[in-house]
Every structure is written in structure tokens, then in C-alpha cells.
Amino acid sequence: MQLIWLARLAAAHTPDEVGVTIASLAQAQPGCEKAFVVWGLGDPSNHYSAPPCWVDSSDWPWLQDAARSSSACPHPEQNRVALRICQRPEPVLLVLTIAQGQDGTALLDGLAAPLQLAGQHLRRALEWFELQDSHRQLARSETLQRALFAISDLAGSDRDMPDMLSDIHGIVSTLMYAENFCIVMYHPANDTIRFLYFVDVEEPAVPGDGQDLPLSAIEHTLTWYVIRDGKARMGNTRELRSQVSGPMNLQGPESYDWLGVPMLRDGQLGGALVVHNYQQGLGFTNEDLALLEFVGSHILTALERKQSKADLEQRVQLRTLELAEANRGLQLEIVERQRAEHLQAALFQIAQLATADIGQDEFYRRVHAVVDDLLNAKNFYIALVSDDGKRLMFPYSVDAANPQLAERPLGRGLSEYVLRHGKALLANKADIRKLVRSGEASSAQAGAKATCWLGVPLIVGDEVIGVVTVQSYSRDVVYDQADQELLSFVATQIASSLMRRRSAESLRRAYEELEQRVEERTLALRKEIIERERVQDQLKHQVMHDLLTGLPNRGYLRDRMDRVLAAIRREPSRRCALLYLDVDRFKIINDSLGHLAGDEVLKEVSNRLANCVRYPDLVARLSGDEFAILVEEVDKPADAMMVAQRVLDALSASMMIAGKELQTTASVGIAIGDGQYNAADEMLRDADIALYRAKALGRKRYALFDETLARNVIDVLAMEGELRQALAQDQFEPYFQPICHLDGGKVVGYEALIRWNHPQRGVLRPADFLKIAEDSGLIEAIDWRMFELSCTHLMRDGAADTFMTINVSALHLRHADFDERLIALLERTGLPPARLIAEVTEGALLDNPERVRATLERLRAAGVGAALDDFGTGYSSLSYLHSLPLRMLKIDRAFVHELDKGANTNSTTVVAAILALSRALGIEVIAEGIETDVQYGALQAMGCELGQGYLMGYPSPIAHWLTSESA
């Protein structure tokens, strides 16, 4: 067996083969369960084993200790042993697994002699392997050096760029697998790329067709990451996805292995090199990556040198061509300038002919002379299309073959061909025959005798009006493109001159016709002016008057008022009066009887108002049911009041409308006009304010405007602004009025009441501003702010066993999500729902009882109680007690105040009944407005448990009640 093993050992040449032979010898020994040889212990991640065997990471300290030891090293825990069989050029270990119950010492002794021989053979194999690896490295370095020299030579060669790029591809292919190869150039100045060279066996199309592309066009591709980050990428698709910082878009077919490196010069990015393959087993290595990065900088330098050389050669060549072209251009410019001067003189002569005082025949003769000076025009004619567009006329012709051309219908001649196509025709005999064969021209009209025929259209605007023609009957006279261009210039001027002469003639005839038509039109205009003045007067009346009643409208009234006020400013002693009125409850008439009946009412009102004034006083309808009366002269306000009373009396008389007897009333506002008014709108405003004052006093009356009304209006506007500012600056504060047990006086809860800490006027009560807050739409925002502040203060400062009531208006109960918002507010402030009671009035319940009941039910389900405020003042109080989820009700203060009068009053009976009913229904009762000891005692005697009022405490900040409790 040892002889066989020695033969195998002698036949083994590589370290792997020697290692396998040693392991087989050891494993063949009795007591050896497994054996393998391992080396490369300095880098556990890059070690070698023969036969291939996985090494647990926990074994490396043990193996490295064995590599440093000259004797066998047993495993501290397992039945294994590691023995160094070779130390140079690097330590090599034989790892043995001893069979259970076997003696490892005998096994090692039996292997000592063979292993000594095997170790020497393995050392020589490793040294030979290192020598071969060194030789390969030298050969690769030489190959790289030759490649770099070749790249450098290409940069200075005369080869074209495509050939040079192909040679570079070939050079890279000698260094690594590069069947699929591309060079991408990057221009940082404008952030663009160009695929300068692209070879791909699966994708022949060059991205961008070899033109510049924005870098964003390849965003999130592997090439884009290489260029953007300036870092190489290598591996298969899975490995590459882990190397990029974002999404990865695959461009083209998916490859098995991909390698891309940036091309850098002096740290500046100039592009990228990419190689990839579509075959398994041809993967790239770190050595390939380093090699391609090294070669990439040299390729970039070579490309830049080649490009610079090509750019220089191109600039030199271009400059040479530019100088030669400039020289030719100067020569041609001289000739062209001479020709242009000659042409300009000819065109100037023709332009002068357009305004010359000569006849038509003389005009054509001189035009012919000018054309003949520019080119051979011995045979020359001008043809014009008739006004009806059906005939061709020849006002001038000089021709050796046909001295007089006759007018003819439009046919198939060469002149008609130019007219149809609107462009010049230069034709020789062959061209003319071709036109005849194609049907574009007729042989009878095609000028078959001419050897060369040149015709140019006369064009004005977009219309072809005729043709100017020269022709030759001799082979010695042939026209060319220069003659065509020259005649085209002249034709433009001839057409303009013809049109100017035609226009001048037409203008003369038109002027004669115009004089006659002006006279006829003057007579017609006189009739039209008379009719227009009548229509204008009618329109003016319609614009300034109301269509329904025929009364002057607001515009008419304002105009008259401005004139009257201007006269008053000139005569300060004068006075006028404006009565602003509207019909009371006119909407009910419209809704009940219809708009047609409403219109009849307005007509009757306008008639009655007109009978209440005298000339020059004015009655006007402003809009809808609003009217105004301007009394131009009044001595004192009493005069205006008399007119107002007269109006009220006139309108109060019954009227028959739509078969019904109606009795209308009106409210009137009066403003006295004096020198303080600058415009009608100011007086209308004050009269309108007085009108609303009359309505507020109960309608069917008049009110006179004074400064008090003005101040009240201004105060309302000012307070609206201050309310908005107060809401923004958090000037509102909750005041708490205690609710006490009448038996003992203990405070069990509070009613939260709003106060406004006005910066100038001090603390304001709700009555001072709530009406304005409601009218301005701010009341809901103010209420929600008060709800939040009240809950926050009670949660932070109030006793844990006290509750709080808040006043909820009908506006809040109209919102379907009121309960959700209130519960969310409690969650924000932390106040338990059981400590909050929402007070509603009977008026709020009347708005929508079903919706209110549903809202209160949802609040009760969340723990929030409900209280009925001002109980006993409504008409249906008792019906609410059994239908609503009420926790409390409050007896209105009106009943409590009556208790001072004795025990046998109606109020005593009502209060007693309320208390009895509440006890029967299990509802708590709070008596409001307790101000005297008599009231307190009477309620206590009747069994009322809770009460609030000034006797127990005035509304105050919660800090006041905390101080009182501590005292």
C-alpha cells in the first residue's frame, strides 16, 4: 500500500494533487475517520484545502496554534488533531478525525515517516506553484505594458477615430474577456454623455445613435451609477443591486457578469469603460477591475490627445476653407454689387414710370427699354388677365415672329402655364415638347418657334395678374437662371407699377362716384340721425327709469341728489330731505300670492307715493320693495316728517290685489340734507340707517337719522373688528358661577360664563357683545374657544368631584358632528365626560327636535350630560322632559324671583310642580337667580336640592373660588 501511495505521490505535481494524496494515505490508516490538508492560514477567507472541506470559523484559533507548533495539536473539545507537515513557503496542516475509541498516538506514529517525505514533496509543489504564479504575473505585466504602449502609439497615429477605437477594443481584449465593450465619454460642463464606442453581441444598436445625451437619459442604470459616483461596479445582477444606492434599471439584455470602471485623469471624471458577458463561467475578478481602472486612465488620455489633434486639424482645415471662401466671396461680391447697381437703377426707372404723367402705351414702351438694357429682350410682351379672369390680354408686345398678339380666352399656352402655377418658366424646345406631351401646353399656343422661352408671373399680394415674357428664335441667344432671377426682380417692380397706375385710375373713377354717393348718403344720414336721436332718448329714459313702475331708478335719483347737494353747498341755508322706505313684509305677499301679485302691489305703491309729493320732488324705485322720495326744499325736519306721515297714511289704505283685499304698511327712514353731505351715497347711507331703526322699533313708522344712530353703526363695525382681534389675541376668559347644595351650601359644580377682557373698556359681559358676535358669524369660534378654556381650567384647578355646565346655542346643534367635536375637545383637555353638562334652551330644541335628541343621546352615551335651561318659559316644556335624555333642568329665574311675594303665588305652585315632576322622572333640578334669603328658604322648604345665584356667588375666575375654598 505504501508503495502505491509513493507512486501516486510521485505522480502528483500541484499542491492540490499532493494534498489529496496525503489525505488519502492518512484516511486509509486504521483509526482515522477523516483527513484533509489545509494551507493559506493567514487569510481564513482565502484558504485552500485538499480535498475541499468546509472549516468552521471557531476552528481557526486552534489551526493557527497548530501552524505555530512543531508537534501535533489536539482539538480542545473534539476527537481531532492537527499536525504541521510543512512550514515553508507557508505552514501546511494535516487535520485528522480519530475514530471513537481509537488511539491517536499510534496513528500519528505510523504516519510520521511517510508524512516527512510527503511534506518535502508538498513544499516543492508549493514553491513551484509560487514560481508559476510569479511568472504569470510577469507575463501579465508585460502584456499590460505592451497594451499601454499600443494605446499611446494609437493616440499619435494617423488612424481615424473609429479605427482607433476598434484597436483599443482589441487591446483590452488581450487583457481580459471583452467581447462586449463600450466607451462612454462624459462632459461635465453640460452634464452630457456620448457612447463613443459600443460593441454588444446581443444589442447592436448604439444608445443615442452616437450623439450627445443628457446624463439623466440613462438614470439609475449601472453606467449612470459608475459616472455619478466615480466608483467601479462589478458582479452579477444580484451583487450589483447591493452595490448601488438606489433603484437599478437594466439597459438591454441581462448579462451574467458586468464590470464598469470610471475613466479618471488628475482626479477629474472623463467617462467610463464597460465590459460584460452573456456566458456563465466567464466572471470578472478584482484583478480585472484593477487592470481596467489602470488602463482606463491611459485610454482617456489617448482619446483626449486624439480628439485634440483631430480638432486642431479640423480648425486649420476649416480656417483655410473659410479664407478661400472669403476670397471667392469678395470677388463675387464685386460682380454682384455691379450687377445689383445696374438692377437697382432699372428698378428705380420702372418705379418712376408708375407715377409719370404718360399714357399707358408709352409706359409699356419705356418698361420694354429698361428690360432690354438688362437682358436680350428683342422679343418681349406683357400679358394680363382680364377683370373677369377668363381672358388673356396683350397690352404690349414686340415680337419678330408674331408682331401683334391678339387677345384670347385662357387656354393651354405657356403664358397660361405660368399663370396657373404662379412661378417662372424657363424652357427650351425639348422642354416645350415635353409640356405639350404631358398636356400642360397646347402645340398651337405653346410658342413652338421659340428656341428659348422665359416667362415670369406678375404677382400682387397673393394674386397673379399677368406674365412678362422674353423669347429667342436664335440658338445664339439662350436664357439662363441668372436671366430668370433678373427678370423676376424686374417683374416684381413692373407688377407694383401696374397696380399703382391701376389704383390711381381706379381712385380717380372712385372719387367721381364717391361725390355722387356722398350726396345721396347725406340725405339718408339726416333721416338716420333723426331716428337715432329718438331711439337714444328712449334708451336714456329706459336706463334711468324702472321698467315695472316707470319711476326713476337709483341712478336717476343719485344724479338728481348730487345736483341738489351741489346747490345746497352753494346756498348753505337750503335744506333737502330724503325718505328711504320699503314695504313691510313684502316677501310674504310674494310667497303667498305670487310674484305677479307682488308686481301689482309695487305698481300701486308707486302710484300712491307719486300722489304724496309735489313738483319738483322726486319718487324713485331703488330695488325690490325699496323706494325713495327726494324732497328738494324743506325748512325744518318736521316738514319731512309730515311727508313721511302722509306716505304712511296713503299706504295703509287697503288695495285689491289678485281678488284679495290687502293692507300694506311701510317703514321710513329720513335723512335731512345739508352742507355736510358731499355725495348722494352718503345721504342714502344715513337714510338707510334710519330705515333700519324704524324697522327695529316695530315697523309701520318713520325714524329720523341723527348722530346717535351713526355712532351706533360705527360702534358695531368697530366692535366686529375688535372681536376678531380678541379671538386672535385670546382676550376671552371663562368666569365660573358656583352651583351649591341648598342644604349646607357645598359647591358641587359651576356654570361657565364668558367674559371679554377688553384692553380699553375692561371686563365686558355677554350682553355687551354677543349679539354683534352672532351677526358677524364669530359666535361659534368664540364658543369653542370658551369650551376649551373652561374644560382646561376645571381639569387643572377645580375639585375632582365638581361638574361644569356650558351653554350650547342652536347654531352648534345644527352641526351633525357637534358631539364628535365636543368629545374630541374633552380628550384633548383630559376632562372626564361625566363632569361636563351641556345646557340647551327650549328655543334650540324647536329648530330640529329629532336632530337635537339624537345629538344629546350620543353625548349621553359618551358620558356627557344634558340640562334644559330656562325651564318653564316655553310652550312645550313638559313634552321635552320625557322625550329628551336630560340629566338636569334649570328653573327659570322669573319663577324664583316671584317667591319673594309669599307662599301662595302661582310661581310657588309652578316650582313645586316642577320639583315633583323632576323627582318622578329622576332629573336633578337647579334653581337659577337666587338673590335673597327668602327665595333660598322657600326653595329649600319645597325640597329643591341645587341652586345658583348672586346670593351664593357672583361669576368669577376659577382662581377666586380656589382662594375661597382654601380660606
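Before any of the text, the structure's been laid out above.
Worth saying up front: this structure is predicted, and the values here are computed from it rather than measured.

(A) Highlighting a positive patch on the surface. Together, Lys429, Arg433, Lys434, Arg437 and Arg475 line one region of the surface with positive charge. Residue placement: Arg437 occurs in helix H11 (residues 429-438).

(B) The packing of helix H14 (residues 586-593) against helix H15 (residues 595-610), seen in detail. Contact pair H14 / H15: the axes reach a minimum separation of 6 Å and the direction vectors enclose 140 degrees. One element, H14, and the other, H15, form an angle in the oblique class. Contacts between H14 and H15 involve Phe586, Ile589, Asn590 and Leu593 on the former and, on the latter, His595, Ala597, Gly598, Val601 and Leu602.

(C) Broad picture of the sheet that holds strand S10 (residues 257-265). Taken together, the 6 strands give an open sheet; going across it, the order is S8-S7-S6-S11-S10-S9, and neighbouring strands pair in antiparallel fashion. Strands at the two margins of the open sheet, each flanked by one partner only, are strand S8 (213-214) and strand S9 (233-235). Relative to strand S11 (residues 268-277), S10 runs antiparallel, the two being bridged by 9 bridges. Along S11, the bridge assignment pairs Leu259 with Val275. With respect to the sheet, helix H5 (residues 161-175) is in contact with strand S6 (180-187) and strand S7 (192-199), its orientation differing from that of S7 by roughly 65 degrees. Running over the sheet, helix H6 (residues 222-229) touches S6, S7, S9, S10 and S11 and is turned about 30 degrees from S10.

(D) Molecular detail of helix H13 (residues 554-570). For H13, spanning 17 residues, the distance from its first C-alpha to its last is 24 Å, which sits close to the expected 24 Å at 1.5 Å a residue. Leu557, Arg560, Met561, Val564, Leu565, Ala567 and Ile568 are the residues of H13 that are buried. Each buried residue of H13 lies within a common arc of 155 degrees when the element is viewed along its axis, so the set occupies one face. Buried residues along H13 sit in contact with strand S18 (576-583), strand S19 (618-623), strand S20 (626-631), strand S23 (666-673) and helix H17 (680-696). Between a side-chain oxygen at the N-terminus of H13 and the backbone nitrogen of Gly555 the separation is 3.2 Å; the capping residue is Asn553.

(E) Geometry of the side chain of His812. Tracing the chain through its elements places His812 in helix H21 (residues 810-813). Polar side-chain contacts of His812 include one of 2.8 Å to the side chain of Asp783. If sequence neighbours within four positions are ignored, His812 has contacts with Glu780, Asp783, Trp784, Phe787 and Phe818.

(F) Just the pairing of strand S31 (residues 888-891), in detail. Of the two faces of S31, the one holding Met888 and Lys890 and the one holding Leu889 and Ile891 are both buried throughout. Taken together, the 3 bridges between strand S30 (residues 865-871) and S31 define a ladder with parallel strand orientation. Within S31, the residue paired with Ala867 across the bridge is Met888. Inspection of the sheet shows S31 paired to strand S32 (residues 924-927) by 4 bridges, in the parallel sense.

(G) The nonpolar core, seen in detail. Membership of the largest hydrophobic core comes to 53 residues, with the highest contact counts inside it found for Met804, Leu889, Ile891 and Leu939. The residues contacting Leu889, other than those within four sequence positions of it, are Leu868, Phe871, Leu881, Ile914, Ser918, Ile923, Glu924, Val925 and Ile926. Counting residues in hydrophobic clusters, the runner-up holds 33 residues, among them Ile350, Ala377, Tyr479 and Ala495.

(H) Representation of the layout of surface pockets within the structure. Its volume calculated, the largest pocket comes out at about 870 Å³. Listed by contribution, the elements that provide at least two residues to the lining of the largest pocket are strand S26 (747-758), helix H19 (770-776), helix H20 (779-797), strand S28 (803-807), H21, strand S29 (836-841) and S30. Residues belonging to the lining of the largest pocket are distributed by class as follows: 14 nonpolar, 8 polar and 11 charged.

(I) Geometry of a nonpolar patch on the surface. There is a patch of nonpolar side chains on the surface, built from Tyr511, Leu514 and Val518 and spanning about 300 Å² of accessible area. Assignment of secondary structure puts Val518 in helix H12 (residues 481-543).

(J) Examining the packing of aromatic side chains more closely. Evaluated as defined, the whole model comprises 14 aromatic pairs. With a centroid separation of 6.1 Å and an interplanar angle of 80 degrees, the aromatic rings of Phe195 and Phe198 are classed as edge-to-face. For the ring pair Tyr364 and Tyr396, a centre distance of 6.3 Å and an interplane angle of 25 degrees mean the geometry is stacked. With Tyr364 in helix H9 (residues 360-374) and Tyr396 in strand S13 (residues 391-398), the pair connects residues that are 32 residues apart, well separated along the chain. The class for Tyr396 is buried, based on a relative accessible area of 14%. Three or more aromatic residues joined by ring pairs form one cluster here, namely Phe363, Tyr364, Phe380 and Tyr396. Lying over the aromatic face of Trp784, Arg821 brings its terminal NZ or CZ to 4.2 Å of the ring centre. In this arrangement the basic side chain of Arg887 is found over the ring face of Phe803, its NZ or CZ atom lying 5.9 Å from the centre.

The rules behind these values
Residues numbered from 1 in each chain as written. Predicted model: local features only at pLDDT ≥ 70, side-chain atom pairs only at ≥ 80, totals over all residues. Heavy atoms only, no water. Patch = residues over 30% accessible without salt bridge, like charges linked within 9 Å, V, L, I, M, F, W, Y side chains within 5 Å. Areas by Shrake-Rupley, 256 points an atom, 1.4 Å probe, with all protein chains shown as cover. Salt bridge = Lys/Arg side-chain N within 4 Å of Asp/Glu carboxyl O. Lys, Arg positive; Asp, Glu negative; His and termini not counted. Charge placed at Lys NZ, Arg CZ, Asp CG, Glu CD. Helix = DSSP H or I, 4+ residues; strand = E, 2+ residues; numbered from the N terminus. Axes fitted to C-alpha atoms, helices over the stretch in contact; angles between N-to-C directions. Parallel < 35°, antiparallel > 145°, perpendicular 65-115°, else oblique. Contact = heavy atoms within 4.5 Å. Pairing = 2+ DSSP bridges. Expected span 1.5 Å × (residues − 1). Buried < 20%, exposed > 50% of the residue type's maximum accessible area, 1.4 Å probe, protein only. Arc of directions from axis to C-beta. Polar contact = N/O pair within 3.5 Å; in protein donor to acceptor, adjacent residues only side chain to side chain. Core = buried A, V, L, I, M, F, W, Y, C linked by side-chain atoms within 4.5 Å. 1 Å grid on protein atoms, 1.4 Å probe; cavity = no way out; pocket = protein on both sides within 12 Å on 5 of 7 lines; lining within 4 Å. Points joined across faces, edges and corners; volume = space filled by probe spheres on them. Nonpolar A, V, L, I, M, F, W, Y, C, P; charged D, E, K, R; others polar. Phe/Tyr/Trp six-rings, centres within 6.5 Å; stacked < 30°, edge-to-face > 60°. Lys NZ or Arg CZ within 6 Å of the ring centre and 35° of its normal.

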